[in-house]
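# Structure assessment
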Amino acid sequence: MITVEVVLFATLRKYNPHGPSSEPFNMQVPVGSTVDYILKELKIPPRESKQVFINSIRQDRDYVLKDGERVAIFPPIAGG
Amino acid sequence: MDELVKAVKTVSREKTAPDGQKYESISISAVRDVAAQFSCLPQDVELAALQSDILPERYQRSMGTTGGTRGQALLLQSQAAVVGLGGLGGLVAELLARMGVGTLVLADGDRFSESNLNRQLLATEQNLEESKVSAAQKRIGQVNSAVRMLPFEGIVDENNAPDLLQGCQVVLDCLDNLTSRFLLETVCRDLGIPMVHGAIAQFVGQVSTIFPGDPGLEAIYGPLESGRDKGIEVELGNPAATPALVAAWQVQEAIKVLLGRGEPLQNRLLFIDGEQATCDIFQLG
């Protein structure tokens, strides 16, 4: 297993398993897990999470996570 | 000597800046008088003044930012497009006018309604049902008569956008849907114009400055998909402060682009979460 730090922004904080918060939390995931695995584990619907940044760099859903990485997940915002 | 320059020099006055420096200043009324005398635009008079190192007094407090009369002259000779004149665009247009960006393309196809009043700077109880472009023109005319305006009342599409944006040095994406934002980005890319993107929803907002070769909006939103045109603002709405936060950042980015000053938010996304009081910067590609 590896440990990653997850931060859920704005409306996605409701998917925080420790209660609705944008405080970072740790997740233990199997070696070889992708971004997609995290999204599914947290039950975040795909349309709510198009923006995932690993250590502040945008990555796709098939990105393979490494131990200690920080996963930031955003909802799309488009208002003007 | 050019007659206009001679007239400008005649009406300028020496003043002292807050830091004690002396400078030559020209007032708004003197600009108007000279413009009337020469049957030219206030902008022409201001430009003649700036090129003679005479400062239109209205820009005095911008000097530290613009770098003096030369930088101000550069702004006055610049053209920016504000596409969308709602929560973001109304404020963006006014701030660009206050900075003395000389030519503003003002584009929107909408009219003010009551639900705009909570956040759209140019919406008032008196101008409901007025077109946003018309309201912006009136306001900018009151704020800075040296600004030339190129109004466009309608939806920006692939047919009209190239003509509308041609000649701009920067475009401000103040739109409210992804289809139009992606279209604007494509046209900006084709024309080689940097685009300052801003978007808001409830307590959160984002800003990024996209140059023609950058991955841009796709790096933020993923590929454009049919049926996914809006974000979480649809359910959460937008309050008064979030558009002001994001619009201010957009204007600062645009001014930097026009002056060639500072570090733009290029290939970076600024994400502001007002509720958590956090600002993060994320790398795009």
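Owing to the predicted nature of the structure, the values given are computational and were not obtained by experimental measurement.

Further remarks concern the pattern of salt bridges. Scanning the model with the defined rule gives 18 salt bridges over all chains in all. The salt bridge partner of glutamate 94 of chain B is arginine 98 of chain B, with a shortest N-O separation of 2.7 Å. In this pair, glutamate 94 of chain B and arginine 98 of chain B are both assigned in helix 6 (residues 87-99), four residues apart and thus about one turn of the helix distant. Among the residues examined, glutamate 94 of chain B registers a relative accessible area of 6% and is labelled buried. For arginine 98 of chain B, a relative accessible area of 43% translates into the label partly exposed. Three or more residues joined by partner-sharing salt bridges are found here, namely Arg13 of chain A together with Asp273 and Glu275 of chain B.

Under the criterion given, the structure shown has zero disulfides over all chains. Free cysteine cysteine 188 of chain B: the closest other cysteine sulfur is in cysteine 168 of chain B, separated by 8.2 Å.

For the rest of this paragraph, the subject is the domain arrangement of chain B. All names here are of chain B. Domain annotation for chain B reports domain 1 (14-29 + 36-73) and domain 2 (78-283). Taken together, the contacts link 13 residues of domain 1 with 13 residues of domain 2. Around 950 Å² of area is buried between domain 1 and domain 2 when both sides are counted, 44% of it from carbon and sulfur atoms. The three residues of domain 1 that bury the most area against domain 2 are Gln43, Arg58 and Thr65, which together make up 46% of that side's buried surface. Where domain 1 packs against domain 2, one counts eight residue pairs in polar contact (both at pLDDT 80 or more). Of all the secondary-structure elements, those providing two or more residues to the side of domain 1 that touches domain 2 are helix 3 (42-51), helix 4 (63-66) and helix 5 (69-76). The residue makeup of the side of domain 1 that touches domain 2, split by class, is three nonpolar, eight polar and two charged.

Criteria and cut-off values
- Every residue gets a number counted from 1 within its own chain, in the order that chain's sequence is written.
- Written order determines the labels here, with chains lettered from A and ligands numbered from 1.
- Local features in this predicted model are restricted to residues of pLDDT 70 or higher, and side-chain atom pairs are both shown and tallied only at a pLDDT of 80 or more, whereas totals for entire chains, interfaces and linings draw on every residue.
- Heavy atoms throughout the structure, all of them, feed into the side-chain values; hydrogens and water do not.
- A pair is scored as a salt bridge if a Lys or Arg side-chain nitrogen falls within 4 Å of a carboxyl oxygen belonging to Asp or Glu.
- Numbering goes from the N terminus for both helices and strands, where a helix is a DSSP run of H or I of at least four residues and a strand is a run of E of at least two.
- The buried label goes to any residue with under 20% of its type's maximum accessible area, the exposed label to any with over 50%, and the partly exposed label to all in between, with areas taken from a 1.4 Å probe on protein chains only.
- Cysteine sulfurs are considered disulfide-paired once they come within 2.5 Å of each other.
- For the purposes of this description, domain bounds are those given by an automatic or database domain assignment.
- Contact between two residues is taken to exist if any of their heavy atoms lie within 4.5 Å; hydrogens are not considered.
- We define buried area as the total accessible area lost by two parts upon association, computed with a 1.4 Å probe and summed across both.
- Identification of polar contacts relies on pairs of N or O atoms within 3.5 Å, with a donor-acceptor requirement for protein atoms, meaning one able to donate a hydrogen and the other able to accept it, and with residues adjacent in sequence counted only if both atoms are side-chain atoms.
- Gly counts as polar in this scheme, as do all residues outside two lists: the nonpolar Ala, Val, Leu, Ile, Met, Phe, Trp, Tyr, Cys and Pro, and the charged Asp, Glu, Lys and Arg.

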